[in-house]
Amino acid sequence: MNSEQVLAAVSAGTIAVKHSARRKKTISVSRSHGGYVVAVPARFDVTRNAADIGALIARLQRRADMAPRGDAELEALAAELNERYFDDGIAPSSVTWVSNQNQRFASATSVTGMIRVSDRLREVPRWVLETVLVHELAHLRVPDHSRAFHALAQRHPQAARAEDFLSGFGYGEAAALAGQRLQSGGTGAAPAGPA
């Protein structure tokens, strides 16, 4: 948001500014009911510092676009995606980050309804993680990689783009590992492609 957009949003009420005598130097921003609340010191001049407010809101939005960090957030995202793309009464029993999946990005067990996501994906963009979750949610319905499964997994509009991203991501991980092996005197060769 630029300064003019911030000032317009303050005027419209979508950005609420809360002045505080206890706050001395810092400003903070949080989401609230479709808008933002900005906490500022008592003498803070909103007009003069609108660009700073815009920068904080942009940072908050970037964080919101990132993948969830905890299991509860991951499970909530999976529930949201399940409702959006399937809504058929089938739901995962659990969705968790795991540290023991080095060859796969995620896995699902259709019998138990458990979905496990490799913690290597904690830093990927949210849209990539969403496509991985939709893929695993599709496995709760169709356990194989048949045509019926792919029709379900492709329901996320970014599925093809995420496949390209993950292919490059996997290749990069493999190349970095091979480089580490070479540096440590191992015999790792450069990878031919993602695992």
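What counts and how
- Residues numbered from 1 in each chain as written.
- Predicted model: local features only at pLDDT ≥ 70, side-chain atom pairs only at ≥ 80, totals over all residues.
- Heavy atoms only, no water.
- Helix = DSSP H or I, 4+ residues; strand = E, 2+ residues; numbered from the N terminus.
- Contact = heavy atoms within 4.5 Å.
- Core = buried A, V, L, I, M, F, W, Y, C linked by side-chain atoms within 4.5 Å.
- Buried < 20%, exposed > 50% of the residue type's maximum accessible area, 1.4 Å probe, protein only.
- Pairing = 2+ DSSP bridges.
- Salt bridge = Lys/Arg side-chain N within 4 Å of Asp/Glu carboxyl O.
- pLDDT = per-residue confidence, 0-100.
- Axes fitted to C-alpha atoms, helices over the stretch in contact; angles between N-to-C directions.

Caption draft 1: Examining the side chain of Arg141 more closely. On the secondary structure map, Arg141 appears in helix H4 (residues 126-141). For Arg141, the residues in contact, after removing those within four places along its chain, are Asn82, Phe86, Asp88, Ile90 and Leu152.

Caption draft 2: Summary view of the nonpolar core. The biggest cluster of nonpolar side chains holds 27 residues, and the ones touching the most others in it are Val117, Leu121, Leu129 and Leu133. Those elements giving two or more residues to this core turn out to be helix H3 (71-85), strand S4 (94-98), strand S6 (114-118), H4 and helix H5 (147-153). No other element matches the eight residues that H4 contributes to this core. Val38, Val46, Ala50 and Ile53 belong to the second largest nonpolar core, which has 14 residues in total.

Caption draft 3: Summary view of the pairing of S4. Counting buried residues along S4, four of its five residues qualify, which places the element largely inside the surrounding structure. The pairing of S4 with S6 spans five bridges and is parallel. Of the residues in S6, the one forming a bridge with Ser94 is Met114.

Caption draft 4: Examining the pattern of salt bridges more closely. Tallying each qualifying case throughout the model produces five salt bridges. When the shortest N-O distance is used, the salt bridge between Asp88 and Arg141 registers 2.8 Å. In this pair, Asp88 is assigned in the loop between H3 and S4 and Arg141 in helix H4, connecting sequence segments 53 residues apart. Using a relative accessible area of 16% as the deciding quantity, one classes Arg141 as buried. Overlapping salt bridges, with partners in common, bring together Glu80, Arg84, Arg126 and Glu130 in one network.

Caption draft 5: Examining the confidence of the model for the protein more closely. Taken residue by residue, the protein gives an average pLDDT of 87. The fraction at 70 or more is 90%. Of all the helices and strands in the protein, strand S2 (residues 28-32) carries the lowest mean pLDDT, 80, while S6 carries the highest, 97. A low-confidence stretch, residues 188-195 stays under pLDDT 50, and its non-local contacts, those more than four residues away or across chains, total 15 contacts.

Caption draft 6: Highlighting the sheet that holds S2. Read from one edge to the other, the open sheet built from three strands follows the order S1-S3-S2, with strand pairing classed as mixed. A single partner strand is all that each edge strand has here, and the edge strands are strand S1 (15-20) and S2. Mean inter-strand twist for the sheet, computed between neighbouring axes without regard to direction, equals 25°. Pairing of S1 with strand S3 (residues 35-41) involves six bridges; the strand directions are parallel. Bridging from a neighbouring strand, Lys18 pairs with Ala39 of S3.

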